[in-house]
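Single-letter residue listing:
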Amino acid sequence: MPPDDVMIAGTAEGDKVSEVSEQPRALRFAIIGAGMAGILSAIKLRENGYTDFTVFEKADRVGGTWRENTYPGLSCDVPSHLYSYSFAPTPEWNHRYSAGAEIQAYFERVAREHDITDEIRFGDEVTSSRFVDGRWRVETAGGHRDEFDVVIAATGVLHHPRYPDLDGLDDFEGAVFHSSRWDHDVKLDGARIGIVGTGSTAVQMTSALASRAGRLTLFQRTAQWIMPAENPPYSDDDKATFRTNPEQLAELRTNLTQMFDVFANAIVDADSPEMKMVAGMCLDNLESNVRDPELREALRPDYQAACKRLIVSPDFYEAIQQPNAELVTDRIERVEPAGVRTADGTLHELDVLVLATGFKTDAFMRPMTVIGRDGETLSRAWAARPNAYMSISIPDFPNFFMLNGPNGPVGNFSLIEVAELQFAYIMQLVEPLRSGEYREVSASQDAMEEHEAARVKAAEKTVWVTGCRSWYLDDRGIPATWPWSFDRFRSEMQRPRDGAFEYR
Ligand SMILES: Cc1cc2nc3c(=O)[nH]c(=O)nc-3n(C[C@H](O)[C@H](O)[C@H](O)COP(=O)(O)OP(=O)(O)OC[C@H]3O[C@@H](n4cnc5c(N)ncnc54)[C@H](O)[C@@H]3O)c2cc1C
């Protein structure tokens, strides 16, 4: 229900509120994107009694991230039993941390078993959403037009590839591609492979490719702390136990959640004992496992652990120490037809160049045009940078909600739990629309500004501002993330705050 002190606009006779019927309405929903969050939305809408919805997906399959990223070594760094929907646990995960293809198969299966695949318009990108006369007019690249009461943008955060600005990239005569656009026709065995970047993706690829490449060259701009984490398989016996004892599976998930909470709470307090423990584990990993002192120094970051997104790997140090692997720390001068020339003048000859350079994390649903109430445009609202109250709602964009939107919890925990909590919150927001009491809901400007000011202040204590460059930081150097504990996030998501939303 809307809070008691919501602002109720338009009370004069003849305007919108007086037209509201207070009859239950069959709301129509558009869900944009059929990745983890879009699948979740479709399933949960039905569960909440909303049957009139369309899912728009520009690709030809569900899965989002896990459909797009197929690079060798791709794995989730949240344990499998935590990186699963709470309503669709599975005893069948093969490892503590799942491979990307297994996660993709999981999302495809969940979508199929919940019968939502037929509700998805595949191969149709939403190009614009306009709020006209109280409804959202949605248009797609394929020319489809429809109207909806509510839009849920489940368009992803790590979705638009970021390409590096390297001179001569187009002149390279070998194969070159972004890590999220892997070209499976390219031969890897025995090839001279170069990797640009040192984030989680580059580290996972190094581990997977070092034993296959003729020569593997990792171009490192910034060294990374590596958290050691073994990835043991679940045995047939383990899986049989989980199948017959769902309570044991539930207990495992609870334990993993508690373990992850320790970390999530540590990073928002850079001086906490837990953060020191994480730093100690990373340091010990480096000191104990990199034998050559020169290589060890080259791999030693000059900032605090977890300042950049912490990398989890059982075997990166082993891979980079293989005789055919090389770490290059000299700056890339340019790309030439035969390979990469570094600032020291060396030409590193290559057959394959992989750009593991991440994503444009501030794009969200753009380049889609979004026009809200009274012609307010998303380009204007986000001219400085993306923002949304609780990452979910933007003032003057009524009945338009985001999952995993700007400044939400991202980092080393399960974005599935984040999306599930956000979705349940959105369901509370739309309830008064369904009952017919109101027709529009969006965050108030005051609520967003207050939230943003508190968020920026709280970010000062986090580990993300302790002196490193990372994709967490916005153009001002302020982490574009949730700066409080994960418990606080769970508690905020329980119920919208009184007065934070305007209902009309
Ligand atoms: C390499 C990699 C590793 C990761 N590892 C982890 C991890 O360990 N733990 C973790 O929690 N998260 C991880 N993530 C984050 C991951 O993106 C999320 O966990 C999750 O998959 C996001 O789901 P989503 O549905 O929000 O977005 P996405 O999976 O990005 O899906 C968005 C979907 O929307 C579609 N779409 C976008 N715009 C439009 C449009 N205009 N019209 C129609 N369709 C559109 C896209 O095609 C896509 O299918 C990782 C991401 C990457 C890239």
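For the structure, see preceding data.
Structure report, in brief.

Cut-offs used in this document
Residues numbered from 1 in each chain as written. Predicted model: local features only at pLDDT ≥ 70, side-chain atom pairs only at ≥ 80, totals over all residues. Heavy atoms only, no water. Helix = DSSP H or I, 4+ residues; strand = E, 2+ residues; numbered from the N terminus. Rg over C-alpha atoms; globule rule 2.2 N^0.38 Å. Buried < 20%, exposed > 50% of the residue type's maximum accessible area, 1.4 Å probe, protein only. Contact = heavy atoms within 4.5 Å. Areas by Shrake-Rupley, 256 points an atom, 1.4 Å probe, with all protein chains shown as cover. Salt bridge = Lys/Arg side-chain N within 4 Å of Asp/Glu carboxyl O. Disulfide = S-S within 2.5 Å. Near = heavy atom within 4 Å. Polar contact = N/O pair within 3.5 Å; in protein donor to acceptor, adjacent residues only side chain to side chain. Nonpolar A, V, L, I, M, F, W, Y, C, P; charged D, E, K, R; others polar. Pairing = 2+ DSSP bridges. Right-handed = clockwise from strand over helix to strand, strands pointing away. Expected span 1.5 Å × (residues − 1). Axes fitted to C-alpha atoms, helices over the stretch in contact; angles between N-to-C directions.

What about the overall build of the protein?
When helices and strands are tallied, the protein shows 14 helices and 22 strands. Rg of the C-alpha trace for the protein: 24 Å, near the compact-globule value of 23 Å for 504 residues, within the 12% margin. Reported as C-alpha extents along the three principal axes, the dimensions of the protein are approximately 80 × 55 × 45 Å. Across the 504 residues that make up the protein, the buried fraction comes to 55%. Put simply, of all contacts in the protein between residues at least 6 apart along the chain, 72% involve residues at least 24 apart. Accessible surface, the protein as shown: approximately 21600 Å² in total, 47% of it carbon and sulfur.

Here's the deal with the environment of Trp464
Tracing the sequence through the fold places Trp464 in the loop between helix H13 (445–458) and helix H14 (486–492). A relative accessible area of 3% places Trp464 in the buried class. Counting along the chain gives 17 residues from Trp464 to Thr481, while the straight-line C-alpha distance between them is 9.5 Å. Setting aside residues no more than four positions away along its own chain, Trp464 makes contact with Ile267, Val268, Ala306, Cys307, Tyr472, Leu473, Pro479, Thr481, Trp482 and Pro483.

Describing the pattern of salt bridges
Scanning the entire structure with this criterion turns up 40 salt bridges. Its salt-bridge partner being Lys44, residue Glu47 comes within 3.1 Å of it at the nearest N-O pair. In this pair, Glu47 and Lys44 are both assigned in helix H2 (residues 36–47), three residues apart and thus about one turn of the helix distant. With a relative accessible area of 54%, Glu47 lands in the exposed category. Between Arg67 and Glu68 there is a salt bridge, with its nearest N and O atoms 3.0 Å apart.

As for helix H5 (residues 200–209)
With nine of 10 residues buried, H5 is to be regarded as a mostly interior element. For H5, the set of buried residues is Ser200, Thr201, Ala202, Val203, Gln204, Met205, Thr206, Ser207 and Leu209.

Considerations on the state of the cysteines
Considering all chains together, one arrives at one disulfide under this definition. Disulfide pairing places Cys307 opposite Cys468 at an S-S distance of 2.1 Å. Of note, the bridge from Cys307 to Cys468 carries an S-S torsion of about -95° and is left-handed in sense. One end of the pair, Cys307, is in the loop between helix H9 (293–298) and strand E13 (311–312); the other, Cys468, is in the loop between H13 and H14, with 161 residues separating them in the sequence. Considered together, Cys307 and Cys468 belong to a single accessibility category, that of buried residues. Of all cysteine sulfurs, the one in Cys282 lies closest to Cys76, which takes part in no disulfide; the gap is 18 Å.

Looking at the site of the ligand
Around the ligand lies a shell of 35 residues, among which Ala37, Glu57, Thr65, Asp77 and Tyr83 are the nearest. Here an oxygen atom of the ligand sits 2.6 Å away from a polar atom, N or O, in the side chain of Glu57. Within the side chain of Trp66, a nitrogen or oxygen atom sits 3.1 Å from an oxygen atom of the ligand. Expressed as a share of its isolated accessible area of 980 Å², the protein-covered part of the ligand is 96%. When residues of the shell around the ligand are traced back to their parent elements, those giving at least two are H2, strand E3 (53–57) and helix H3 (65–68). Ranked by the residues each element gives to the shell around the ligand, the list is headed by H3, at four residues. By residue class, the composition of the shell around the ligand is 16 nonpolar, 11 polar and eight charged.

A word on the pairing of strand E11 (residues 215–219)
With four of its five residues buried, E11 lies for the most part within the structure. Pairing between strand E10 (residues 192–196) and E11: five bridges, direction parallel. Its bridge partner lying in E11, Ile195 is registered against Leu218. Crossover handedness for the path E10 to H5 to E11: right-handed. Strand direction decides the pairing type here: E11 and strand E14 (residues 325–328), joined by four bridges, are parallel. Residue Leu216 lies in a different strand from E14, and its bridge partner there is Ala325.

With respect to the environment of Met365
Looking at the element boundaries, Met365 is found in the loop between strand E18 (352–355) and strand E19 (369–371). Residues Met365 and Ala154, 211 residues apart in the sequence, show an inter-C-alpha distance of 8.0 Å. Not counting the four nearest positions on each side in its chain, Met365 is found in contact with Ala153, Thr155, Val370, Leu378, Trp382, Ile394, Phe400 and Met402.

As for H2
Turn by turn, an α-helix covers 3.6 residues, leaving residues three or four places apart pointing in a common direction. End to end, H2 covers 17 Å across 12 residues, agreeing with the expected 16 Å (1.5 Å per residue, within 8%). With 10 of its 12 residues buried, H2 lies for the most part within the structure. For H2, the set of buried residues is Met36, Ala37, Gly38, Ile39, Leu40, Ser41, Ala42, Ile43, Lys44 and Leu45. Those residues of H2 hidden inside the fold are in contact with strand E2 (29–32), E3, helix H4 (100–113), strand E8 (150–153) and helix H12 (415–434). Once H2 finishes, Gly49 follows within two positions and takes phi at roughly 90°, a positive value.

Examining the sheet that holds strand E9 (residues 175–178)
By way of backbone hydrogen bonds, the strands of a sheet pair with one another, either parallel or antiparallel. With respect to topology, five strands assemble into an open sheet ordered E9-E18-E10-E11-E14, the strand pairing being parallel. Of all the strands in the sheet, just E9 and E14 have a single pairing partner and so form its edges. Direction aside, neighbouring strands of the sheet carry axes that sit 15° apart on average. Examined bridge by bridge, E10 and E18 share four bridges and lie parallel to one another. Considered in E18, the bridge of Ile193 is made with Val352.

Some details on the pairing of E18
In E18, alternate side chains face the same way, and those of Val352 and Val354 on one face and Leu353 and Leu355 on the other are all buried. In the sheet, E9 pairs with E18 via four bridges, with the strands oriented parallel. For Ala175, the partnering residue across the bridge sits in E18 and is Val352.

By themselves these figures say nothing about function.
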